[in-house]
Amino acid sequence: RLALSTTEAFSIITSHLAQTPLRRSAAGSSLFMKMENLNKTGSFKIRGALSAAFRLTPEERSTATFTTSSTGNHALACIEAFRLANVRAKIFMPETVSEYKLSKIRGP
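Just so we're clear, the structure is a prediction, and the values are computed from it rather than from any experiment.

Colleague: I'd like to hear about the overall build of the chain, residue by residue, with values.
Modeller: Helix and strand counts for the chain stand at five helices and four strands. Starting at the N terminus and ending at the C terminus, the chain contains elements arranged as α-β-β-α-α-β-α-β-α. Viewed in the frame of its principal axes, the chain has a C-alpha envelope of about 50 × 40 × 25 Å. Counting all 108 residues of the chain, 34% fall into the buried class. Partitioning the intrachain contacts of the chain with sequence separation of at least 6 by distance along the chain shows that 51% fall at a separation of at least 24. Put simply, the chain shows about 7300 Å² of open surface, and 56% of that area lies on carbon and sulfur atoms. Here the chain contributes 15 positively and 7 negatively charged side chains, and the mean placements of these two sets differ by 7 Å.

Have a look at this one:
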């Protein structure tokens, strides 16, 4: 299957992520910020990664290997989403990735 319906994606995302707040900016009353940085992986990218991982059937999850490249945030999102979906993944990163991001990806 190439994609999930909006309803399916919403259900998957909300079952794995806490709702992030919408905050009014101090810079102006009509400026709002969606605090996606409060997600476990620190960005909104986990939403797309969850949708990609969970669009697979259980059989596909047991045999598939996702492959992607990233310098940080997308890699973190994919690692978490694929872990939750029990999908193997290969993530390629440039040699120039920052040590900070690399340490977050490698984990404790």
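Resuming the write-up.
Colleague: Go over the environment of serine 11 with me, naming the residues and quoting the values.
Modeller: Its place among the elements puts serine 11 in helix α1 (residues 6–16). Serine 11 gets classed as partly exposed once you look at its relative accessible area, which sits at 43%. Separated by 43 residues in the primary sequence, serine 11 and phenylalanine 54 place their C-alpha atoms 11 Å from one another.

Colleague: Report on the environment of phenylalanine 32, specifying residues and quantitative values.
Modeller: Tracing the backbone through its elements, the reader meets phenylalanine 32 in strand β2 (residues 32–34). We classify phenylalanine 32 as partly exposed; its relative accessible area is 42%. For the pair formed by phenylalanine 32 and phenylalanine 44, sequence separation is 12 residues and the distance between their alpha carbons is 16 Å. With residues up to four places along the chain from it excluded, the contact list for phenylalanine 32 reads Leu22, Arg23, Arg24 and Ser25.

Cut-offs applied
Residues numbered from 1 in each chain as written. Predicted model: local features only at pLDDT ≥ 70, side-chain atom pairs only at ≥ 80, totals over all residues. Heavy atoms only, no water. Helix = DSSP H or I, 4+ residues; strand = E, 2+ residues; numbered from the N terminus. Buried < 20%, exposed > 50% of the residue type's maximum accessible area, 1.4 Å probe, protein only. Contact = heavy atoms within 4.5 Å. Areas by Shrake-Rupley, 256 points an atom, 1.4 Å probe, with all protein chains shown as cover. Lys, Arg positive; Asp, Glu negative; His and termini not counted. Charge placed at Lys NZ, Arg CZ, Asp CG, Glu CD.

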